[in-house]
Amino acid sequence: MKACTKCGVQKPACDFYTGRPDCKECKKKQVGIRGRVYYQENKDRYKMVRHQHYKKNMAYYNAKCAKRRAVLLRAKPPWVDDKEIEYIYSIAKERGLVVDHIVPLQHERVCGLHVPANLRCIPQKINAWKSNKLLSDELPIYKKRTRADEPEKEITL
Ligand SMILES: [Zn+2]
């Protein structure tokens with residue numbers, strides 16, 4: 001056991017990086033804070049670099065947007081109420097959230113629909129992590145219920 005110089009808590013050696021007096025948790029926090037501060041101080045430079053990348057690769061970004069639009073169009077049944085979808089997006093904006101497709105639009109096995117029942121408002125951070133995962137991809141508990149001969153059953157929609 002070793003006491004962390006930052007938080008003062010007694011922790012086993014595995015909670016420390018080799019040769020560090022502060023614990024992993026404190027070290028991570030420190031790095032996180034430094035990263036955020038650095039970003040805030042260099043925000044304009046980051047913005048410029050992103051913009052330059054966009055300018056240089058406009059065809060790529062345009063193609064990506066066009067594909068997204070096409071997918072959305074294909075995933076939206078004609079009976080969908082646009083007003084309802086607009087409302088969900090307005091709620092997300094109001095609360096600083098983003099709209100997530102619960103069943104992803106672009107996935108190797110399924111195509112979710114662009115309908116209110118498949119939309120939810122979640123924080124950007126979670127959305128970035130979720131990406132185009134299916135619920136069954138991230139929750140192995142669903143997979144336990146599947147029969148080996150019917151692997152597709154794991155998709156509970
Ligand atoms: Zn600590």
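Here the residue numbering is sequential within each chain, running from 1 through the sequence in written order. Totals for whole chains, interfaces and linings use all residues, but because this is a predicted model, local features are given only for residues with pLDDT of at least 70 and pairs of side-chain atoms are given and counted only at 80 or more.

A.B. asks: So what's going on with the overall build of the protein chain? Residues and values would help.
C.D. replies: If you tally the helices and strands in the protein chain, you get seven helices and four strands. To qualify as a helix, a DSSP run of H or I must reach at least 4 residues; to qualify as a strand, a run of E must reach at least 2; elements of each kind are numbered from the N terminus. Along its sequence from the N terminus, the protein chain presents helices and strands in the succession β-β-α-α-α-α-β-β-α-α-α. Between the buried cut of 20 or more and the exposed cut of 12 or fewer other C-beta atoms within 10 Å of a residue's own C-beta lies the partly exposed class, and all C-beta atoms are placed from the backbone. Here the protein chain holds 157 residues, and 4% of them are scored as buried.

A.B. asks: Could you give an account of helix H4 (residues 82–94), with specific residues and numbers?
C.D. replies: Helix span, expected: 1.5 Å multiplied by one less than the number of residues in the helix. Here H4 is 13 residues long and its end C-alpha atoms lie 18 Å apart, about the 18 Å a rise of 1.5 Å per residue gives. Of all 13 residues in H4, zero are buried; the element is thus mostly exposed. One or two positions beyond H4, positive phi appears at glycine 96, with a value near 70°.

A.B. asks: Which residues make up the confidence of the model for the protein chain, and what values go with them?
C.D. replies: Across the protein chain, pLDDT averages 84, with 85% of residues at or above 70. Within a predicted model, pLDDT stands for the predictor's per-residue confidence, ranging from 0 to 100. For the protein chain, the element scoring lowest by mean pLDDT is helix H7 (residues 140–144), at 41; helix H2 (residues 43–56) scores highest, at 95. Taken as a whole, residues 139–146 scores under 50 in pLDDT and shows nine contacts with residues more than four places along the chain or in a different chain. Residue pairs are scored as contacts if the distance between their C-beta atoms, which are placed from the backbone, is within 7 Å.

A.B. asks: Tell me about the environment of valine 99, and please be specific about residues and values.
C.D. replies: Along the polypeptide, valine 99 turns up in strand S3 (residues 98–101). Take valine 99: there are 17 C-beta atoms within 10 Å of it, and that puts it in the partly exposed class. Sequence separation of valine 99 and glutamine 124 is 25 residues, and the distance between their C-alpha atoms is 8.6 Å. Apart from residues lying up to four places away in sequence, valine 99 is in contact with Ile88, Tyr89, Ala92, Leu119 and Cys121.

A.B. asks: Requested: an account of helix H1 (residues 24–41), with residues and values cited.
C.D. replies: Helix length check: H1 (18 residues) gives 25 Å between terminal C-alpha atoms against 26 Å at 1.5 Å per residue, within 8%. Of all the 18 residues making up H1, one are buried; the element is thus mostly uncovered.

A.B. asks: Hey, could you go over the environment of proline 123 for me, with residue numbers and the actual values?
C.D. replies: Inspection of the secondary structure puts proline 123 in the loop between strand S4 (119–122) and helix H5 (124–130). Assessed through the 13 C-beta atoms surrounding it within 10 Å, proline 123 is described here as partly exposed. Along the chain, proline 123 and valine 98 lie 25 residues apart, while their C-alpha atoms are 5.9 Å from each other.

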